[in-house]
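Here is what each chain is made of, one letter per residue.
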Amino acid sequence: MYNPNDPKLKSWVSVESTSDFPIQNLPFGVFQKNDKVAVGVAIGSMVLDLSLLWKEGFFSEIFPSQEENIFAHSSLNAFMNCGKEIWQKTRTRISQLLEAGSSELHDHAVKEEALVTLDEVKMLLPIKVGNFVDFYSSIEHATNIGSMFRPDNPLMPNWRHLPVGYNGRASSVIPSGTPIKRPKGQTKADDAENPTFGPSRLFDMELEMGFIIGKGNDLGSSISTKDAPDHVFGMVLLNDWSSRDIQKWEYVPLGPFLGKSFATSISPWVVTLDALEPFLVDGPTQEPAVLPHLQYEGKGNYDIHLEAYLQGEKMEASERITKTNFRLMYWNMQQQLAHQTSNGTNTQAGDLYGSGTVSGTTPDSLGSFLELSWRGTRPLKFPNGEERKFIQDNDTITLKGWCQGEGYRVGFGECSGKVLAAD
Ligand code: CA
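Definitions and limits used
Residues numbered from 1 in each chain as written. Predicted model: local features only at pLDDT ≥ 70, side-chain atom pairs only at ≥ 80, totals over all residues. Heavy atoms only, no water. Donors = N, O, S within 2.8 Å, 3.2 Å for Na, K, Ca; no water. Helix = DSSP H or I, 4+ residues; strand = E, 2+ residues; numbered from the N terminus. Buried < 20%, exposed > 50% of the residue type's maximum accessible area, 1.4 Å probe, protein only. Domains from an automatic or database assignment. Buried area = accessible area lost by both parts, 1.4 Å probe. Salt bridge = Lys/Arg side-chain N within 4 Å of Asp/Glu carboxyl O. Polar contact = N/O pair within 3.5 Å; in protein donor to acceptor, adjacent residues only side chain to side chain. Core = buried A, V, L, I, M, F, W, Y, C linked by side-chain atoms within 4.5 Å. Contact = heavy atoms within 4.5 Å. Pairing = 2+ DSSP bridges. Phe/Tyr/Trp six-rings, centres within 6.5 Å; stacked < 30°, edge-to-face > 60°. Lys NZ or Arg CZ within 6 Å of the ring centre and 35° of its normal.

A.B. asks: Is there a simple way to think about the coordination of the calcium ion in this case?
C.D. replies: Reference geometry at the metal: tetrahedral coordination by four donors gives ideal angles of 109.5 degrees; octahedral coordination by six donors gives 90 or 180 degrees. In the first shell of the calcium ion, the protein supplies D134 (OD), E206 (OE), E208 (OE) and D240 (OD), at 2.2 to 2.3 Å from the metal. Look at where the donors of the calcium ion fall in the sequence and you get D-x71-E-x1-E-x31-D. Taken together, the positions of E208 in strand β13 (residues 207–213) and D240 in the loop between β14 (232–239) and β15 (242–243) put the pair 32 residues apart, joining distant regions of the chain. Side by side, E208 and D240 carry an identical accessibility label, which is buried.

The following block contains the structure:
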């Protein structure tokens, strides 16, 4: 049987060995070229326009009764809602069309119009986000934050028993490249008697991964850890922009609200769980043992190398500020989705779940400025002499991530955002 993850596969589209988008990846996204918006797949430095391939009948065997062009859409939601079998057949079909030696698309007249360079297109938000939830599933991150504010008791008693999360805001999820205006809000200095209103002074990023529901569950039903991977379409890079001074004053007792709701950036290419399958790894041991409905079998984590960069307006280059790995996460996606639905909550195509900040065990592997500068006590130093405790106006933050195979990488591209001054 044809294996689209075969490391030996090559495409007739040229792909450099350091490209995030070899034939083993084939991530889905939504692009705009002039007035046209459509679903595409990335291959090397090109985008393959799936809506044109649909028109030519390339997918007619996969969607025999579907008349409407499912790729002539401004989001992946309709395609995702078709379910895992269709996702897999579609990705396999695209792989076969792009495989070196295959002539069906290579020799077809539509090829010239259907393959456009990434430079020619604008990448849009790939999904219509129904709901956004953010977890808090890195034990390193939770312990760091906890130890800053509760030195004697960094992890709350519930933390090892359930994946802590909160309901975030869907309407402000934005694609990479969209600028972020520094939020204003209510803050209160420790020694001040009353709060004041104004631009946030402690503006931060959070380096995260996000997973996207492809096929949801009905109200009143639950998804088991075993079935969870069938409901997840794929993953993106996610930056949970955070205003620490607003957050600090508002979060007790109901959690984050305006300190985070103003913007969440995601990368535009959704890497399917199928493409990530070769990079599954064992997760950390969970002690004490979790309750039965959160137990899982097999490998639950993914080996995804993650990096974040900062470029200020006076810096000549983007400077790496951290590198870490997603494999460290204490709670995995299966457990997060099982937990979310354990009370009968329904999910739907386009729901987005953030992993929580991914922090490693060393000072150079932390996923937020709050940790990197340890509440501002150890500023980051840059080659041009500048320092940062938190993010300044006109700084651009870029997240990158990839899985390293032998001779190829399955990558996520970039999740980038420039911070603009408050009004
Ligand atoms: Ca977060």
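A.B. asks: What should I look at first to understand the domain arrangement of the chain in this one?
C.D. replies: Interface size is commonly expressed as the accessible surface area that is lost when the partners come together. You can read the domains of the chain as domain 1 (28–123) and domain 2 (132–420). The gap between the C-alpha centroids of domain 1 and domain 2 is 30 Å. Between domain 1 and domain 2, a total of about 1500 Å² is buried, with carbon and sulfur atoms accounting for 64% of that surface. The salt bridge partner of K84 is D230, with a shortest N-O separation of 3.5 Å. The tally of links from domain 1 across to domain 2 stands at 5 residue pairs in polar contact (both at pLDDT 80 or more).

A.B. asks: Help me understand the nonpolar core, please; the structure alone is not making it clear to me.
C.D. replies: Nonpolar side chains in soluble globular proteins tend to end up buried together. Counting 53 residues, the largest nonpolar core has M205, M235, L276, I304, I321, F326 and F369 as the members making the most contacts within it. Excluding anything up to four places from it in sequence, M235 contacts M209, G210, F211, W269, V270, V271, L273, L276, I304, F326, M333 and F412.

A.B. asks: I keep staring at the sheet that holds strand β21 (residues 319–325) and nothing clicks. Help me out?
C.D. replies: Within a sheet, neighbouring strands are paired by backbone hydrogen bonds and run either parallel or antiparallel to one another. Across the sheet, which stays open at both edges, the 5 strands sit in the order β9-β26-β25-β20-β21 with mixed pairing between neighbours. The open sheet is flanked by β9 (180–181) and β21, the only strands paired with a single partner. Both β9 and strand β26 (residues 409–420) contribute to a ladder of 2 bridges, which runs parallel. Opposite K181, over in β26, you have L420 as the bridge partner.

A.B. asks: Help me understand unusual backbone geometry, please; the structure alone is not making it clear to me.
C.D. replies: Trans peptide bonds make up the majority, and among non-glycine residues the majority have a negative phi. The omega angle of the peptide bond from V252 to P253 is 0°, so this bond is cis rather than trans. With respect to the secondary-structure elements, P253 resides in the loop between α7 (244–250) and β16 (264–266). If you check the backbone angles, N34 has positive phi at about 55° while not being a glycine. Along the chain, the position of N34 falls in the loop between β1 (28–33) and β2 (36–43). Classification of N34 as exposed rests on a relative accessible area of 66%.

A.B. asks: How should the packing of aromatic side chains be read in this particular structure?
C.D. replies: Remark: the centre distance and the inter-plane angle together describe each pair of aromatic rings, the angle taken between the planes. For the structure on display, the rule yields 16 aromatic pairs. The positively charged end of K400 is found above the aromatic ring belonging to Y309, 4.6 Å away from the centroid. Lying over the aromatic face of W402, R409 brings its terminal NZ or CZ to 3.9 Å of the ring centre.

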